Amino acid sequence: MTGAYVPRSRRSTSRKLTWDKKHTRELFRHYQATGDQAARDELITMYLNLVKYLAHRFRNRGEPIDDLIQVGTIGLIKAIDRFDMGREVEFTTYATPTIVGELKRHFRDKGWALKVPRRLQELSFRVNQAVDALTQRNQRSPKIPEIAVYLDVTTEEVIEAMETSEVYNLVSLDSDRNSDGSDSFSILEYIGEDDKLMGIVDDRTTLSAALKQLTPQEQRVLYLRFFEGRTQTEIARQLDISQMQVSRLLRKTLRVLRENIVREEV
Amino acid sequence: MAVERIELTVPGRAEYARAVRIIAATLASRSGMSIDEVDDVRMALEEAFLLACARIGADGPVTFRFDVDDDRIDVCVGPLPASGDGDRDEEAGQRYSRFILEAVCDTFQLDTDGPTCFVRLTKLAGAVS
């Protein structure tokens, strides 16, 4: 049914747009039935705040916020065009991963393009895959020469690829996969007053402020490695990510924690 | 193989951390370590380097002595000043480095000998799966 839709231009200009579910459904029905660009534009306007909110989560990574909003808006438009009302999920639930995915892709493409030659990008991916394959095959973490033989490259090239993944420091983007809030892990809940990490700082408030800079997944990786003593391979298995992703997450997590703990202590 | 000793001296500046990591990874690999363990060694050596930089100052050279065996690597970093200048920034950073080093190494010690000290750490191959 599309009859209930009233174009924005014909409604009172003083009336504010609200996140009214009924109105949203009417708009989607109308747009999908008629392809009316005005309805599509109104949907874009309605959900622009969601794009802005998500884009701000990627700020301070060297990209102007206006550019990020623009990239996020492309994700929003894709979500509007593909939204299936029959699936009975809220549009925001459907659109969020699409918008975040678009933002991540932007950083991924730009990050690699700016910093790492294509040969090394490819080698890094191949090493990543080789580590997974050899771990699966041998049921243990592989050695560097084993990876080199598997890929028919030198051990030095494998080590260079490990360093390359350091350069690609956008790992926190990978950790945003739980952006819907389903992962609420907080390491503070597991840290006692006599814990070694507490020995670094003067009080729990300092530590809490530093940990807030980390996503739940980063905190989970930190906890598993430094409090439960799990290996990177074990963590990778548990979180269903690659060993090299765990490595990058750890490196980024430790760097953020160091910067924040030291800064807070001064 | 017989234990091989390798020495590396670099300026105490952050831009040399990459060189330290690459050397450490290469030597750890020669000790028969898995990629997990090699990554631990890289992480440990970077922390040890930052700890050394905090004590020795920007221009002071930092010397690493690696003893590489078939199944282990022992590293000695120093000599370093026995204590820093008491700056709280440095203290927090060094406490943090110790936390990391104790977690990723099989042994970690900060040995003081009069006005100087040495960071000593050991990583064993095959200690983790």
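Residues numbered from 1 in each chain as written. Chains lettered and ligands numbered in written order. Predicted model: local features only at pLDDT ≥ 70, side-chain atom pairs only at ≥ 80, totals over all residues.

Draft legend 1. Inspection of the overall build of chain B at higher detail. Each helix and strand in chain B was counted, giving three helices and five strands. For chain B, the N- to C-terminal ordering of α and β elements is β-α-α-β-β-α-β-β. In chain B, buried positions account for 46% of the 129 residues. Counting contacts in chain B only where the partners sit at least 6 residues apart, residues at least 24 apart contribute 71% of the total. (Helix = DSSP H or I, 4+ residues; strand = E, 2+ residues; numbered from the N terminus. Buried ≥ 20, exposed ≤ 12 C-beta atoms within 10 Å, placed from the backbone. Contact = placed C-beta atoms within 7 Å.)

Draft legend 2. Representation of the overall build of chain A in the model. A tally of regular secondary structure across chain A gives 14 helices and zero strands. Every one of the 266 residues in chain A was classed for burial, and the buried ones make up 34%. Partitioning the intrachain contacts of chain A with sequence separation of at least 6 by distance along the chain shows that 65% fall at a separation of at least 24.

Draft legend 3. View of helix α4 (residues 65-82) of chain A. Spanning 18 residues, α4(A) covers 26 Å between terminal C-alpha atoms, matching the ideal 26 Å at 1.5 Å per step. Those residues of α4(A) that sit buried are L68(A), V71(A), G72(A), G75(A), L76(A), A79(A) and I80(A). (Expected span 1.5 Å × (residues − 1).)

Draft legend 4. Just the environment of I235(A), in detail. For I235(A), the location among the structural elements is in helix α13 (residues 232-239). Put simply, I235(A) and R225(A) are ten residues apart on the chain and 7.5 Å apart in space, counted from C-alpha to C-alpha.

Draft legend 5. Main features of the interface of chain B and chain A. Opposite the 24 residues of chain B that make contact, chain A presents 28 residues. Breaking the side of chain B that touches chain A down by element, the ones donating at least two residues are α1 (17-30), α2 (35-56) and α3 (88-104) of chain B. The element that contributes the greatest number of residues to the side of chain B that touches chain A is α3(B), accounting for nine residues.

Draft legend 6. Looking closely at the nonpolar core. Formed by 72 residues in total, the largest nonpolar core has its most connected members in I147(A), V41(B), A44(B), A48(B) and A52(B). The element that contributes the greatest number of residues to this core is α2(B), accounting for 14 residues. Within the second largest apolar cluster, 20 residues are counted, among which are A39(A), L43(A), L68(A) and V71(A). (Core = buried A, V, L, I, M, F, W, Y, C linked by C-beta atoms within 7 Å.)

Draft legend 7. Spatial organisation of the confidence of the model for chain B. Residues at a pLDDT of 70 or more form 91% of chain B, whose mean pLDDT is 87. This complex was scored by the predictor with a pTM of 0.65 and an ipTM of 0.87. (pLDDT = per-residue confidence, 0-100.)

Draft legend 8. Molecular detail of the pairing of strand β1 (residues 4-11) of chain B. All names here are of chain B. Of all eight residues making up β1, only zero are buried, and the element is barely covered by its neighbours. Where β1 meets strand β2 (residues 61-68), eight bridges bridge the pair, whose relative direction is antiparallel. Along β2, the bridge assignment pairs E7 with R65. (Pairing = 2+ DSSP bridges.)

Draft legend 9. Highlighting the packing of helix α3 (residues 48-56) of chain A against α4(A). All names here are of chain A. Relative to each other, α3 and α4 sit at 125 degrees, their axes nearing to 9 Å. It follows that α3 is oblique to α4 by the angle criterion. Crossing geometry of α3 relative to α4 is assigned as right-handed. Contact with α3, carried on its side by V51, K52, L54, A55 and H56, involves I65, L68, I69, G72, T73 and L76 of α4 and no other residues of that element. (Axes fitted to C-alpha atoms, helices over the stretch in contact; angles between N-to-C directions. Parallel < 35°, antiparallel > 145°, perpendicular 65-115°, else oblique. Left-handed = near helix turned anticlockwise from the far one by under 90°.)

Draft legend 10. Molecular detail of the packing of helix α1 (residues 21-34) of chain A against helix α2 (residues 37-46) of chain A. Residue and element names in this part refer to chain A. Two elements in contact, α1 and α2, have axes separated by 8 Å at closest approach and are oriented at 140 degrees. In terms of crossing hand, the pair formed by α1 and α2 is left-handed. For the pair α1 and α2, contact is made by L27, H30 and Y31 and by A39, R40, E42 and L43, respectively. A breakdown of the residues in the contact of α1 with α2 according to their chemical character gives four nonpolar, one polar and two charged. (Nonpolar A, V, L, I, M, F, W, Y, C, P; charged D, E, K, R; others polar.)

Draft legend 11. Molecular detail of α3(A). Residue and element names in this part refer to chain A. Looking only at α3, the buried set comprises V51, L54 and A55. All buried residues of α3 lie within an arc of 100 degrees about the axis, which places them on one face of the element. More than 90 degrees from the buried face of α3, the exposed residues found are N49 and Y53. (Arc of directions from axis to C-beta.)

Draft legend 12. Region of interest: the confidence of the model for chain A. Residues and elements named next belong to chain A. Overall, the prediction assigns chain A a mean pLDDT of 78, with 77% of residues at 70 or greater. Model confidence for chain A, summarised as mean pLDDT per element, is weakest for helix α9 (residues 171-174) at 40 and strongest for helix α7 (residues 144-151) at 96. pLDDT under 50 marks residues 169-181. Its contacts with residues more than four places away, or in other chains, come to 27 contacts.

Draft legend 13. Quick look at the sheet that holds β2(B). Residue and element names in this part refer to chain B. Judged by pairing direction, the sheet is antiparallel, and its five strands sit side by side in the order β1-β2-β3-β5-β4 without closing on themselves. Of all the strands in the sheet, the pair left with one neighbour each is β1 and β4 (107-113). In this sheet, neighbouring strand axes are inclined to one another by 15 degrees on average, regardless of whether the strands run parallel or antiparallel. Where strand β3 (residues 72-81) and strand β5 (residues 116-124) come together, eight bridges link them in antiparallel fashion. Looking at the pairing, I73 lines up with K123 of β5.

Draft legend 14. Looking closely at the environment of A130(A). All names here are of chain A. Within the secondary structure layout, A130 lies in helix α6 (residues 118-138). Residues A130 and L151, spaced 21 residues apart in sequence, show a C-alpha to C-alpha distance of 7.3 Å. If we ignore the near neighbours within four places in the chain, the residues touching A130 are I147, Y150 and L151.

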